[in-house]
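Architecture and fold: a report
Chain by chain, the residues:
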Amino acid sequence: MRILVLSKRRYTNLDLINDRFGRIREIPLALASAGHDMAGICLSYRPGDEGPRDDVSGGSRVAWQALNLRRLFSRGSKSYWQALKKITEDFRPDIVWASSDMFHAILAVPVARRLDAALVVDLYDNFESFPVARFPGLVPAFYRALRQSDGITCVSRPLAEYVRQRSACHCPIEVIENAVPPGFSRPMDQADCRRELGLSDKHLLIGTAGAISRSRGIGTLLHAFEKLAAERADIHLVLAGDRDKGVRLPQDSRIYYLGLLPPKKIPVLLSALDISVVCNRDSAFGRYCFPQKFYESVACGVPVVAAGTGVMAEILKNYPDHLFEPEDAESLLTALRRQIENPVPLKMEAPTWTQRAVSLERFFGSVLQRRRG
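Everything in this summary refers to the structure shown in the same document. Here the residue numbers are simple positions, counted from 1 along each chain's written sequence. With pLDDT at 70 or above as the cut-off, local features in this predicted model cover only qualifying residues; side-chain atom pairs require 80 or more to be listed or tallied, and sums for whole chains, interfaces and linings still use all residues. For side-chain calculations, the full set of non-hydrogen atoms in the structure is used, while hydrogens and water are omitted.

1. Things to note about the packing of helix 2 (residues 80-88) against helix 3 (residues 102-115)
In a packed pair of helices, the relevant descriptors are the angle between the two axes and the axis-to-axis distance. At a closest axis distance of 12 Å, the pairing of helix 2 and helix 3 adopts a crossing angle of 40°. Overall, the two elements helix 2 and helix 3 adopt an arrangement that is oblique. Along this stretch, helix 2 crosses helix 3, giving a crossing that reads as right-handed. Contacts between helix 2 and helix 3 involve Tyr80, Trp81, Leu84 and Thr88 from the first element and Leu107, Pro110, Val111, Arg114 and Leu115 from the second. Across the contact of helix 2 with helix 3, the residue classes break down as seven nonpolar, one polar and one charged. Lines fitted to the C-alpha atoms define the axes, with helices restricted to the stretch that makes contact. Angles between their N-to-C directions range from 0 to 180 degrees. The secondary structure listing takes helices from DSSP runs of H or I that are at least 4 residues long and strands from runs of E that are at least 2 residues long, numbered from the N terminus. Throughout, the term roughly parallel applies to angles under 35 degrees, roughly antiparallel to angles over 145, roughly perpendicular to angles from 65 to 115, and oblique to all others. Here a crossing is called left-handed whenever its near helix is offset anticlockwise from the far helix by less than a right angle, and right-handed whenever the offset is clockwise. We call two residues contacting when some pair of their heavy atoms lies within 4.5 Å. Residue type decides the class: Asp, Glu, Lys and Arg count as charged, Ala, Val, Leu, Ile, Met, Phe, Trp, Tyr, Cys and Pro as nonpolar, and the leftover types, Gly among them, as polar.

2. With respect to the packing of aromatic side chains
Here the aromatic set is Phe, Tyr and Trp, taking the six-membered ring for Trp, and pairing holds for ring centres within 6.5 Å; pairs whose planes are under 30 degrees apart are stacked, those over 60 apart are edge-to-face, and all others are tilted. Per the stated rule, a full pass over the model turns up eleven aromatic pairs. Judged by centre distance (6.4 Å) and plane angle (75°), the ring pair of tyrosine 45 and phenylalanine 103 falls under edge-to-face. Here phenylalanine 103 lies in helix 3 and tyrosine 45 lies in the loop between strand 4 (37-44) and strand 5 (51-57), a separation of 58 residues in the sequence. For the ring pair phenylalanine 290 and tyrosine 295, a centre distance of 5.3 Å and an interplane angle of 25° mean the geometry is stacked. With a relative accessible area of 3%, phenylalanine 290 lands in the buried category. Taken together, the aromatic side chains of Tyr11, Tyr124, Phe127, Phe130, Phe142 and Tyr143 make up a single cluster linked through ring pairs. Lysine and arginine charges are scored as sitting over a ring when NZ or CZ, respectively, is within 6 Å of the ring centre and within 35 degrees of the ring normal. The ring of phenylalanine 285 carries arginine 216 above its face, with NZ or CZ at 4.0 Å from the centroid. The buried label goes to any residue with under 20% of its type's maximum accessible area, the exposed label to any with over 50%, and the partly exposed label to all in between, with areas taken from a 1.4 Å probe on protein chains only.

Quick look at the structure:
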């Protein structure tokens, strides 16, 4: 198959080209490794460098074209549409896979029509929970785009059910959950990881990696740590991720804030912890997302406690000791005490992006067969 990927350049607070991270980077590479021809256009909503940015890994290649948003509204040889024409002159895609936000789902409809290609929209979160959804007319246009699609991929089963009900679309929907890169779980010594990050090697470390945001329930973790720290002098808290301006961390020498770490440091951080906490709220975001750090923590063999909302409540329904009630510091405190007293890494396999690509490849094939039939 020949597959064209449409995405914004910066998502989940990282740069698709420079940081080489995440769903929209890893799945296309895995599809290329399986023998499919892959190309992509990534739009930068902030002015930045432009031009061809091939992503090559292990013999696989995705030919990305980086463009600034203004190219979409300009004319001439440097416009978005001319870049699209140039990319597809010798690369006639069978499928357009559009991801990253509502805008790209809407944009993909005329792109797919122009190319006479099947359109599959990827929802890696509930895009309605993004602040941009408040822009007048955007949500109805987004759902019109879904109804015009040949297929939809969703990051979780709850999101797939929600989209089916909300959009009234009749196209097939496939669940493609998040995963980890192959080799992510290579064995790491905890003491070495702590030294690399400048963390204490004499204390018990609990922590989280991801958005340090009220919207993700970080306040629940801070309150639970405050109570736990009053009980035990050997507990330290480690936080890593992009921090909202409104979030103030307590002035406590036992709290480490490492900032936004590069992707290659995430397994180092998780391997340094004694307990990994997956924070979330029971919200329009939390009910439908799939926390990236969950399977990453599982892959690193660190005990996990997760907020019991959405897909986490489903996956961990047989592991109640690893769940806590969202936005309930006492519930989180109980779960942390339980893992401190009897640390138990989850006995499950963390799927890889290669496995997810196999599922997506199968879905693309069925979409094309359905469209041609």
